[in-house]
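Below are the chains, spelled out letter by letter.
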Amino acid sequence: MSDRTDAAPAPAPAAPSAGPVRQTVARPAPCPSAPRPLGEHRRWPRSFADRLTTPLPGVRAFARLAREGAFRPGPEGLRGIPDLPYEPGPMPAAAAGAVSVTWAGHASWVLRTGGLTVLTDPVWSRRILGTPSRMTPVGVRWEDLPPVDAVVISHNHYDHLDAPTLRRLPRDTALFAPAGLAGWFRRRGFTRVTDLDWWESAELGGVRFEFVPAHHWSKRSLTDTCRSLWGGWILTDTLSPVPRKVYFAGDTGYGRWFREIGRRHPGIDLALLPVGAYAPRWWLGDVHADPEEAVQACLDLGARRMAPMHWGAFVLSAEPVMEPLHRTRAAWSRSGLPREDLWDLPVGASRTLPSPDTA
């Protein structure tokens with residue numbers, strides 16, 4: 001199956017092997033489309049299966065997975081749980097023109113930009129469907145959060161769209177979701193829901209929220225496979241003298257979309273990229289990047305900094321629990337990029353990108 005896009009994509013790069021090589025793209029970035037109205041009610045196709053990068057696994061693949069039993073790490077891989085980095089601390093104060101991120105765990109971040117507090121794929125539950133309890137607690141207590149202005153959702157899998165967490169939010173919270181998912185929120189009483197197609201955007205308080213492609217899929221029940229879209233988000237502080245851009249990848253495999261996102265959005269300041277839930281590769285390689293691929297994705301994007309995520313919270317796959325961090329650090333070192341630009345935060349920790357006026 002093929003992806004559908006508004007512009008011809010760059011050729012698919014080969015998966016990295018010996019080490020990442022920075023990509024350069026000569027084509028100019030296209031002009032962004034006008035923002036969509038907030039809270040717009042729209043009609044979408046019944047299925048987004050035509051957007052799949054690769055076909056979904058069939059019966060034979062499920063049978064092989066069951067036969068091999070490669071669902072979870074073995075005892076040796078689980079011994080690293082006490083070493084998982086967990087250092088909760090106070091969140092930095094919001095400052096004009098600055099960007100701060102606090103890793104709550106998995107793909108959940110508290111992102112402060114353009115005067116807004118934004119949650120990404122918020123999962124504050126102790127466990128999610130089909131998994132053991134969290135290996136590390138949530139890095140930020142819910143009662144310690146500042147007022148939440150907006151939430152972005154990457155797709156509807158249970159480790160990214162958590163109904164018990166969302167029930168804690170005021171029903172007038174601004175929600176930004178993939179195409180076809182707005183009805184899920186409206187049925188639960190949310191009144192400010194904006195669902196977008198790839199490359200579409202909406203604006204709130206001077207921050208532009210653009211939905212961008214990912215190599216993934218969607219499913220929440222036995223009957224809704226690919227009924228809603230999946231992707232990541234570019235958040236741009238449009239009011240700063242030098243607009244700050246943060247890319248939240250959500251959940252994705254490695255592929256051609258990273259170079260296209262980087263072409264359309266040059267100068268990404270920080271890329272929040274998944275590095276975990278990748279083993280076995282024959283099963284998860286198309287939809288979950290491994291650490292080396294995540295570093296290559298950062299290079300393809302042309303992002304100035306990378307923060308790893310999607311590891312250290314839930315046991316979702318078979319790699320040893322500490323391996324994503326070790327492999328990410330090793331791949332970053334081989335890339336030759338500055339060590340300070342890898343924001344490998346412990347769960348609960350924060351980092352701030354100062355305003356250009358004070359940096």
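Look up a bit, the structure's there.
Since the model is a prediction, treat every value here as computed from it, not as a measurement. (Residues numbered from 1 in each chain as written. Predicted model: local features only at pLDDT ≥ 70, side-chain atom pairs only at ≥ 80, totals over all residues. Heavy atoms only, no water.)

**Student:** In this structure, what is going on with the pairing of strand β9 (residues 232-237)? I would like to understand it.
**Tutor:** Taken residue by residue, a regular strand's side chains alternate between the two faces of the sheet. In terms of burial, β9 is largely enclosed, as 6 of its 6 residues are buried. In this structure, strand β8 (residues 207-212) lies alongside β9, joined through 6 bridges in antiparallel fashion. Counted as the bridge partner of Val 212 is Gly 232 from β9. As paired strands, β9 and strand β10 (residues 244-248) are joined by 5 bridges and run antiparallel to one another. Bridge pairing links Ile 234 to Tyr 247 in β10. The hairpin turn running from β9 into β10, its antiparallel successor, is 6 residues long. (Buried < 20%, exposed > 50% of the residue type's maximum accessible area, 1.4 Å probe, protein only. Helix = DSSP H or I, 4+ residues; strand = E, 2+ residues; numbered from the N terminus. Pairing = 2+ DSSP bridges.)

**Student:** Honestly, the sheet that holds strand β12 (residues 306-309) in this entry has me stumped. Any pointers?
**Tutor:** Paired through their backbone hydrogen bonds, the strands of a sheet run either parallel or antiparallel. Taken in spatial order, the 6 strands line up as β7-β8-β9-β10-β11-β12 in an open sheet, and their pairing is mixed. Two strands close off the open sheet at either side, each with one partner strand: β7 (201-204) and β12. Between one strand and the next, the sheet's axes are offset by a mean angle of 15°, whatever the strand orientation. Across the face of the sheet, helix α7 (residues 291-301) comes into contact with β10, β11 (270-274) and β12 while running at roughly 150° to β11. (Axes fitted to C-alpha atoms, helices over the stretch in contact; angles between N-to-C directions. Contact = heavy atoms within 4.5 Å.)

**Student:** Help me understand the packing of aromatic side chains, please; the structure alone is not making it clear to me.
**Tutor:** Here a ring pair, both rings aromatic, is described through the centre-centre distance and the interplanar angle of the planes. Under the criterion given, the structure shown has 15 aromatic pairs. On the basis of an interplanar angle of 80° and a centroid distance of 5.0 Å, the ring pair of Phe 62 and Trp 283 is categorised as edge-to-face. With Phe 62 in helix α1 (residues 59-68) and Trp 283 in helix α6 (residues 281-284), this residue pair connects regions lying 221 residues apart in the sequence. By relative accessible area, Trp 283 is classed as partly exposed at 22%. Ring geometry for Phe 176 against Phe 209: centres 4.1 Å apart, planes inclined by 5°, an arrangement best described as stacked. Note that Phe 176 is positioned in strand β5 (residues 174-178) and Phe 209 in strand β8, a separation of 33 residues in sequence. Residue Phe 176 is classed as buried on the basis of its relative accessible area, which comes to 1%. Pairwise contacts between aromatic rings join Phe 176, Phe 209, Phe 211 and Trp 233 into one cluster. (Phe/Tyr/Trp six-rings, centres within 6.5 Å; stacked < 30°, edge-to-face > 60°.)

**Student:** Looking at this model, I keep getting lost on the pattern of salt bridges. Mind explaining?
**Tutor:** Side chains carrying opposite charge are able to pair once their charged atoms draw close together. Evaluation of the coordinates by the stated rule reveals 19 salt bridges. For Glu 40, the salt bridge is made with Arg 36, and the minimal N-O distance between the two is 2.7 Å. Glu 40 gets classed as partly exposed once you look at its relative accessible area, which sits at 22%. Residue classification places Arg 36 among the partly exposed residues on the basis of a relative accessible area of 28%. Put simply, Arg 64 and Glu 68 hold a salt bridge, and the shortest N to O gap is 2.8 Å. Of this pair, Arg 64 and Glu 68 both sit in helix α1, separated by 4 residues, roughly a single helical turn. Connected through salt bridges with shared partners, the residues Arg 281, Asp 290, Glu 292, Glu 293, Glu 323 and Arg 327 form a single ionic network. (Salt bridge = Lys/Arg side-chain N within 4 Å of Asp/Glu carboxyl O.)

**Student:** Can you help me understand the nonpolar core in this one?
**Tutor:** In terms of nonpolar packing, the biggest core is built from 71 residues, with Phe 209, Tyr 247 and Leu 273 touching the most fellow members. When residues of this core are assigned to their parent elements, the largest contribution, 6 residues, is made by α7. What Tyr 247 contacts, discounting residues up to four positions off in sequence, is Val 212, Trp 233, Ile 234, Phe 258, Ile 261, Ile 268, Leu 270, Ala 271, Leu 272, Leu 273 and Leu 301. Judged by nonpolar contacts, the second largest core, of 23 residues, contains Ala 104, Val 151, Leu 161 and Leu 166. (Core = buried A, V, L, I, M, F, W, Y, C linked by side-chain atoms within 4.5 Å.)

**Student:** So what exactly am I meant to see when it comes to the environment of Ala 277 here?
**Tutor:** Inspection of the secondary structure puts Ala 277 in the loop between β11 and α6. Judged by relative accessible area, which is 5%, Ala 277 ranks as buried. Distance in space between the C-alpha atoms of Ala 277 and Arg 126 is 18 Å, their sequence separation being 151 residues. Once residues within four sequence positions are removed from consideration, Ala 277 is found in contact with Leu 284, His 288, His 310, Leu 316, Ser 317 and Glu 319.

**Student:** Please clarify how the packing of helix α5 (residues 257-264) against α7 should be interpreted in this entry.
**Tutor:** For any two helices packed against each other, one specifies the inter-axial angle together with the distance between the axes. Running from N to C, α5 and α7 cross one another at 30°; their axes reach a closest spacing of 7 Å. It follows that α5 is roughly parallel to α7 by the angle criterion. Here α5 and α7 pass one another in a crossing that is right-handed. In this structure, α5 uses Phe 258, Arg 259, Ile 261 and Gly 262 to contact α7, whose residues at the interface are Ala 297, Asp 300 and Leu 301. Per-class residue counts for the contact of α5 with α7 are 4 nonpolar, 1 polar and 2 charged. (Parallel < 35°, antiparallel > 145°, perpendicular 65-115°, else oblique. Left-handed = near helix turned anticlockwise from the far one by under 90°. Nonpolar A, V, L, I, M, F, W, Y, C, P; charged D, E, K, R; others polar.)

**Student:** What am I meant to see in empty space enclosed by the protein here?
**Tutor:** To find leftover empty space, one rolls a probe the size of a water molecule over the atoms. Summed over all chains, the structure comprises 1 cavity of 30 Å³ or more. Estimates place the volume of the largest cavity at around 130 Å³. Lining of the largest cavity is provided by 17 residues; of these, Met 135, Gly 312, Phe 314, Leu 316 and Glu 319 occupy positions nearest its centre. Of the residues assigned to the lining of the largest cavity, the class counts are 11 nonpolar, 5 polar and 1 charged. (1 Å grid on protein atoms, 1.4 Å probe; cavity = no way out; pocket = protein on both sides within 12 Å on 5 of 7 lines; lining within 4 Å. Points joined across faces, edges and corners; volume = space filled by probe spheres on them.)

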